[in-house]
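Fold and contact review
Spelled out from the first residue to the last, the chains are:
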Amino acid sequence: MFPENRPRRLRQTETIRKMVKETHVLVDDLIYPLFIKEGRSIKEPISSMPDQFRYSPDMLPKVVKEIASLKIPAVLLFGIPKKKDKFGTEAHKKDGVVQQAIKMIKDTTPDLLVITDVCMCEYTDHGHCGVLDEDGNVSNDDTLEVLAKIALSHAKAGSDIIAPSDMMDGRVGIIRDALDDSGFENIPIMSYAIKYASAFYGPFRDAAGSKPAFGNRKSYQMDPANVREALREATLDMEEGADILMVKPAMPYLDVVRVIADEFDLPLCAYQVSGEYSMIKAAAGRGWLDEDTVIMESITGIKRAGADMIITYFAPKLAKMLK
Ligand code: PBG
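Here's what I pulled together on the structure shown here. Source: prediction; values computed, not measured.

To continue, consider the overall build of the chain. Looking only at helices and strands, the chain has 11 helices and 10 strands in total. By the compact-globule yardstick of 20 Å for 323 residues, the chain fits well, its C-alpha radius of gyration being 20 Å. Each principal axis of the C-alpha atoms in the chain carries an extent, and together these give about 80 × 45 × 40 Å. Across the 323 residues in the chain, those meeting the buried criterion constitute 53%. Within the chain, contacts between residues separated by at least 24 positions form 73% of all contacts whose residues are at least 6 apart in sequence. Accessible area of the chain: about 15300 Å², with a carbon and sulfur share of 51%.

The local shell around the ligand holds 17 residues, among which Glu122, Lys195, Arg205, Ser274 and Tyr313 are the closest. Side-chain polar atom of Lys195 to an oxygen atom of the ligand: 2.7 Å apart, as the coordinates give it. With respect to the ligand, the side chain of Ser274 contributes an N or O atom lying 2.7 Å from an oxygen atom. Summarising the interface, the protein chains cover 100% of the accessible area of the ligand, which totals 400 Å² for the free molecule. Grouping the constituent residues of the shell around the ligand by class yields 8 nonpolar, 3 polar and 6 charged.

On to unusual backbone geometry, then. When glycine is set aside, most residues are seen to have a negative phi, and most peptide bonds are trans. Here the amide bond leading from Lys248 into Pro249 is cis, since omega sits at -10°, within 30 degrees of zero. Within the secondary structure, Pro249 is located in the loop between β8 (244–248) and α8 (254–263). Of note in this structure, Lys71 is not a glycine but carries a positive phi near 70°. Within the secondary structure, Lys71 sits in the loop between α2 (60–69) and β4 (74–80). Residue class for Lys71 comes out exposed when judged on its relative accessible area of 59%. A positive phi is found at Met167, a non-glycine position, where the angle reads about 70°.

Moving on: helix α4 (residues 140–157). When the terminal C-alpha atoms of α4 are compared, their 26 Å separation across 18 residues agrees well with the 26 Å that a helix rising 1.5 Å per residue should span. Of the residues making up α4, those classed as buried are Thr143, Leu144, Val146, Leu147, Ala148, Ile150, Ala151, Leu152, Ser153, His154, Ala155 and Ala157. Buried residues belonging to α4 abut α3 (97–108), β5 (113–118), β6 (161–164) and α5 (171–181). Looking at the residues trailing α4, positive phi occurs at Gly158, about 120°.

The next thing to look at is a nonpolar patch on the surface. Taken together, the side chains of Leu10, Met19 and Val20 define a hydrophobic patch exposed on the protein surface, amounting to about 310 Å² of accessible area. Take Met19: it is sitting in helix α1 (residues 14–20).

Moving on, we come to the nonpolar core. Ranked by internal contacts, the top residues of the largest apolar core, which has 103 residues, are Leu34, Phe35, Met190, Ile194 and Ile260. Among the elements that make up this core, the one with the highest residue count is α4 (8 residues). Setting aside its immediate chain neighbours within four residues, Ile260 contacts Ile194, Ala230, Leu231, Ala234, Leu245, Val247 and Leu268.

Let's shift gears to a negative patch on the surface. A cluster of acidic side chains, namely Asp141, Asp142, Glu145 and Asp169, defines a negative patch on the protein surface. Relative to the helices and strands, Asp141 is located in helix α4. Judged by relative accessible area, Asp141 falls into the exposed class, the value being 57%.

The next point concerns the pattern of salt bridges. Counted according to the given criterion, the structure contains 16 salt bridges. Linking Lys320 and Glu66 is a salt bridge whose minimum nitrogen-to-oxygen distance equals 3.7 Å. Of the two residues, Lys320 is situated in helix α11 (residues 315–322) and Glu66 in helix α2; the sequence distance between them amounts to 254 residues. By relative accessible area, which is 39% here, Glu66 ends up partly exposed. For Glu291, the salt bridge identified is with Lys317, shortest N-O distance 3.0 Å. Linking Glu291 in helix α10 (residues 291–305) with Lys317 in helix α11, this pair joins segments that are 26 residues apart in sequence. In this structure Glu291 comes out as buried when scored by relative accessible area, which is 17%.

Here is what the cut-offs are and how they apply
Residues numbered from 1 in each chain as written. Predicted model: local features only at pLDDT ≥ 70, side-chain atom pairs only at ≥ 80, totals over all residues. Heavy atoms only, no water. Helix = DSSP H or I, 4+ residues; strand = E, 2+ residues; numbered from the N terminus. Rg over C-alpha atoms; globule rule 2.2 N^0.38 Å. Buried < 20%, exposed > 50% of the residue type's maximum accessible area, 1.4 Å probe, protein only. Contact = heavy atoms within 4.5 Å. Areas by Shrake-Rupley, 256 points an atom, 1.4 Å probe, with all protein chains shown as cover. Near = heavy atom within 4 Å. Polar contact = N/O pair within 3.5 Å; in protein donor to acceptor, adjacent residues only side chain to side chain. Nonpolar A, V, L, I, M, F, W, Y, C, P; charged D, E, K, R; others polar. Expected span 1.5 Å × (residues − 1). Patch = residues over 30% accessible without salt bridge, like charges linked within 9 Å, V, L, I, M, F, W, Y side chains within 5 Å. Salt bridge = Lys/Arg side-chain N within 4 Å of Asp/Glu carboxyl O. Core = buried A, V, L, I, M, F, W, Y, C linked by side-chain atoms within 4.5 Å. Lys, Arg positive; Asp, Glu negative; His and termini not counted. Charge placed at Lys NZ, Arg CZ, Asp CG, Glu CD.

Structure below.
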């Protein structure tokens, strides 16, 4: 017999479950990353990321019309140039691959928000996120100047939000100044403030051809062991003028998402990165996990941890599931 005055859990019928749900994933929360490859008529499957493609700018109208029709509010662009060099010059060319893509998207779907990733790693022949000194180390201060140029060229091409992902010190401030000086005071900066040196970026580096030719990114990306350091990084970026903070990757760092959500009043974005995507796709492809359920559970977890918005390669799939 169940003891008389012992409390019982709320029995949740379908309707009650809906009413007591604490976390809601909305299509409005989603940002879809796109890889843009210089050239024409390109739609190239990314082998390490099933169902994701590299598109050339001319192929984008069809893609973004579909994204807009799913009511996904924003895309995040990564460029893959034909030519790479020591200084990542292609990244700030007026008609560079991302600049072309922004124009193409704005001509097709003007209301779709375009966020552009600002980093050098896809544009340098050595694959690092900055300019190297004679010893082959990334020179923080020399890199800043290039980053400001990239950000400004994105803004001129029509980008709505600038998202620096390089993790150099002082980049938010220098980009803010560069934008303000050229009349782009209203363009927000979404800072990859808390970016861990993560092996979960593996498939992305394959997709974007941005694997460092030597060494690793541990000198500028964060140690997975640290969370107080995340608070310091977020504080610096906020003081320099970041409008939105980001934690990346998401799933192995949900405690960090929670801390940043509690400690800062800036909007918070979390990036479910390529490795998180490919892991789910690989297991689902073998029938080891139920893909749709796991996608929703993983995104719900990120939202529950405190993220206001989520960058995810599952965005189109989720948008269909949420309909
Ligand atoms: C750097 C950048 C990376 C990602 C986003 N911006 C790669 C890196 O730091 O090596 C990774 C995103 C993902 O894995 O999905 N431009």
